[in-house]
Amino acid sequence: MKVVKLADVLGTEYEVDGGNWVSRRLVHKKDGMGYSVSDTIIKAGTETHIWYQNHLESVYCIEGEGEVETLADNKVWPIKKDEIYVLDKHDEHLLRASEKGDMRMVCVFNPPLSGKEVHDENGVYPVDED
């Protein structure tokens, strides 16, 4: 059994600032669960290009609102509190937070993140080979 408090992650190497977002990595690859969990803040009024070529992701919005645009079909999906979106096809997308305020998301990745990743120039997290 393991209990992780958000307060224990804040200010550590597992609080990763990606510019448009700050991700607090709660469960990592080293925990051996086969997935990772992050508590992520998407900053108000930002747009982030993301393309998880190496990961599948489910994202549950617990605060705020915004939208996801899938680039393969240019479809826009409004996202608000108490909704989940699932990127089940390694979807290249744009994530936009409303100007009204930050979005807070719970993100689950498979395969799991090591906990320190940031997006590369293509919006991709690299595969952790360890």
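See above for the structure.
Each residue is numbered by its place in its chain's sequence as written, counting from 1. Side-chain atom pairs in this predicted model are given and counted only at pLDDT of 80 or more, local residue features only at pLDDT of at least 70, and totals for whole chains, interfaces and linings cover all residues. Where side-chain values are given, they derive from all heavy atoms of the structure, hydrogens and water being excluded.

Quick notes on the overall build of the protein chain
Next, step 1: Only runs of H or I of at least four residues qualify as helices and only runs of E of at least two qualify as strands under DSSP, and these elements are numbered from the N terminus. Scanning the protein chain for helices and strands turns up one helix and 10 strands.
Next, step 2: Secondary structure elements in the protein chain, listed N-terminal to C-terminal, are α-β-β-β-β-β-β-β-β-β-β.
Next, step 3: The cut-offs for exposure are 20% and 50% of the maximum accessible area for each residue type, with area from a 1.4 Å probe on protein chains only; residues under the lower value are buried, those over the upper are exposed, and the others partly exposed. Within the protein chain, buried positions represent 39% of all 130 residues.
Next, step 4: Here the analysis covers contacts within the protein chain between residues at least 6 apart in sequence; of these, 65% occur between residues at least 24 apart.
Next, step 5: Put simply, the protein chain shows about 7200 Å² of open surface, and 52% of that area lies on carbon and sulfur atoms. Note on contacts: a residue pair qualifies if any of its non-hydrogen atoms lie within 4.5 Å across the two residues. For accessible areas, the Shrake-Rupley method is used with a probe of radius 1.4 Å. Any residue's cover is judged against the shown protein chains and nothing else.

As for the nonpolar core
One broad rule of soluble globular proteins: the nonpolar side chains tend to lie buried together.
Next, step 1: Ranked by size, the top nonpolar core spans 18 residues in total, and within it Ile-42, Ile-79, Tyr-85, Leu-95, Met-103 and Met-105 carry the most contacts.
Next, step 2: Elements with a minimum of two residues in this core: β5 (56-63), β8 (83-87), β9 (92-97) and β10 (103-110).
Next, step 3: Those residues within four positions of Met-103 in sequence are excluded, and the remaining contacts are Thr-40, Ile-41, Ile-42, Cys-61, Glu-63, Gly-64, Glu-65, Gly-66, Ile-79, Arg-96 and Ala-97. To qualify as a nonpolar core, a set must consist of buried Ala, Val, Leu, Ile, Met, Phe, Trp, Tyr and Cys residues joined through side-chain atoms within 4.5 Å.

Focus on the packing of aromatic side chains
Next, step 1: Working definition: rings of Phe, Tyr and Trp (its six-membered ring) pair if their centres are within 6.5 Å, and the pair is stacked with planes under 30 degrees apart, edge-to-face with planes over 60 apart, and tilted otherwise. Enumeration according to the criterion identifies one aromatic pair in this entry.
Next, step 2: With a centroid separation of 5.1 Å and an interplanar angle of 85°, the aromatic rings of Tyr-52 and Phe-109 are classed as edge-to-face. With Tyr-52 in the loop between β4 (47-51) and β5 and Phe-109 in strand β10, the pair connects residues that are 57 residues apart, well separated along the chain.
Next, step 3: In this arrangement the basic side chain of Lys-75 is found over the ring face of Trp-77, its NZ or CZ atom lying 4.0 Å from the centre. Counting as a charge over the ring demands two things of the Lys NZ or Arg CZ atom: a distance within 6 Å of the ring centre and an angle within 35 degrees of the ring normal.

Considering the sheet that holds strand β6 (residues 65-70)
Next, step 1: Strand order in the open sheet made by the four strands is β4-β9-β6-β7, with antiparallel pairing throughout. Two strands in the sheet have a free side with no partner beyond their single neighbour: β4 and β7 (75-80). Averaged over all pairs of adjacent strands, the angle between their axes in this sheet comes to 25°, without regard to strand direction.
Next, step 2: Where β6 and β7 come together, six bridges link them in antiparallel fashion. Considered in β7, the bridge of Val-68 is made with Trp-77. Only strands joined by at least two bridges in the DSSP assignment are considered to pair. Lines fitted to the C-alpha atoms define the axes, with helices restricted to the stretch that makes contact. Angles between their N-to-C directions range from 0 to 180 degrees.

Re the environment of Tyr-52
Next, step 1: When its relative accessible area of 5% is taken as the criterion, Tyr-52 is described as buried.
Next, step 2: Spatially, the C-alpha atom of Tyr-52 lies 9.1 Å from that of His-93, the residues being 41 residues apart in sequence.

Thoughts on the pattern of salt bridges
Next, step 1: We define a salt bridge as a side-chain nitrogen of Lys or Arg found within 4 Å of a carboxyl oxygen belonging to Asp or Glu. On inspection of all chains with the given rule, the structure shows 11 salt bridges.
Next, step 2: Among the salt bridges present, the one from Glu-63 reaches Arg-104, with a minimum N-O distance of 3.7 Å. One end of the pair, Glu-63, is in strand β5; the other, Arg-104, is in strand β10, with 41 residues separating them in the sequence.
Next, step 3: On the basis of relative accessibility, which here comes to 41%, the residue Glu-63 falls in the partly exposed class.
Next, step 4: Of the charged contacts, one joins Asp-88 and Lys-89 as a salt bridge, the two residues approaching to 3.6 Å between their closest N and O atoms.
Next, step 5: Where salt bridges share partners, they join Arg-24, Asp-39, Glu-63 and Arg-104 into one cluster.

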